[in-house]
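Structural characterization, general
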Amino acid sequence: QVQLVESGGGLVQPGGSLRLSCAASGSINNVNIMGWYRQALGQQRELVASITSAGTIAYSESVKGRFTISRVNARNTIYLQMNSLIPEDTAVYYCYYKSLRTRDAYWGQGTQVTVSS
């Protein structure tokens, strides 16, 4: 089992910034992918950004140039720096972890990000 603990959500004005963190613990496989999905009210969950244990990164087109994902492997922790936030970024953000060896996947509990004036 892998446990994911997210932090850093909240309310921010348009144009502002937030930083999300997600710490993984438990049966961590050192070959893995971690990342963030988000789900807005009434919408499907969508991928925001991902990063593998080797450092390969992917972003959705909607956040490229505004969001930056990073990780500290020694801490099994990933970060999502979100800049130039817009109301359309409002959603519950979920951290996920997937072992690239076993294909087991886990989700965090979600953290709310609200962009509003």
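Treat the numbers as computed from the prediction; the structure is a model and nothing was measured.

**Overview of the overall build of the chain**
On a plain count of helices and strands, the chain comes out with zero helices and 11 strands. Mapped in sequence order, the helices and strands of the chain form the string β-β-β-β-β-β-β-β-β-β-β. Here the C-alpha coordinates of the chain stretch approximately 45 × 25 × 20 Å along the principal axes. Within the span of the chain, comprising 117 residues, buried residues form 42% of the whole.

**Here we look at the environment of Thr56**
Assignment of secondary structure puts Thr56 in the loop between strand E5 (46–52) and strand E6 (57–59). Those residues in contact with Thr56 that sit more than four places away from it in its chain are Ser50 and Ile51.

**Details of the nonpolar core**
Considering soluble globular proteins, one finds that nonpolar side chains tend to be buried as a cluster. Residues Leu4, Trp36, Leu80, Met82 and Tyr93 are the most contacted members of the largest nonpolar core, which totals 26 residues. Contributing elements (two or more residues each) for this core: strand E1 (2–7), strand E3 (18–26), strand E4 (32–39), E5, strand E7 (67–72), strand E8 (77–82), strand E9 (91–99) and strand E11 (111–115). The contacts of Met82, once residues within four sequence positions are left out, are Gly16, Ser17, Leu18, Leu20, Arg66, Phe67, Tyr93 and Val113.

**Here's the deal with the state of the cysteines**
A complete count under the given rule lists one disulfide for this structure. Here Cys22 is linked by a disulfide to Cys95, with a sulfur-sulfur distance of 2.0 Å. Because the torsion about its S-S bond is -80 degrees, the bridge between Cys22 and Cys95 counts as left-handed. Here Cys22, found in strand E3, pairs with Cys95, found in strand E9; they are 73 residues apart in sequence, far enough to count as distant.

**Here we look at the sheet that holds E1**
Reading across the sheet, the four strands line up as E1-E3-E8-E7 and stay open at both edges, with antiparallel pairing between neighbours. Lying at the two open borders of the sheet, with one neighbouring strand each, are E1 and E7. Averaged over all pairs of adjacent strands, the angle between strand axes in this sheet comes to 15 degrees, irrespective of strand direction.

The rules behind each value
Every chain begins its residue count from 1, and numbering advances along the sequence as written. Local features in this predicted model are restricted to residues of pLDDT 70 or higher, and side-chain atom pairs are both shown and tallied only at a pLDDT of 80 or more, whereas totals for entire chains, interfaces and linings draw on every residue. Side-chain metrics in this entry use all non-hydrogen atoms of the structure; hydrogen atoms and water are not considered. Helix and strand assignments follow DSSP, with helices taken as H or I runs no shorter than four residues and strands as E runs no shorter than two, numbered in order from the N terminus. The classification of residues rests on relative accessible area computed with a 1.4 Å probe and restricted to protein chains. Under 20% of the type maximum is buried, over 50% is exposed, and intermediate values are partly exposed. Any two residues having at least one pair of non-hydrogen atoms within 4.5 Å are treated as being in contact. We define a nonpolar core as any set of buried Ala, Val, Leu, Ile, Met, Phe, Trp, Tyr and Cys residues linked to one another through side-chain atoms lying within 4.5 Å. Criterion for a disulfide: a pair of cysteine sulfur atoms at a distance within 2.5 Å. Between any two strands, pairing holds if DSSP finds at least two bridges. Note on geometry: axes are C-alpha line fits, over the in-contact stretch for helices, and angles between N-to-C directions span 0 to 180 degrees.

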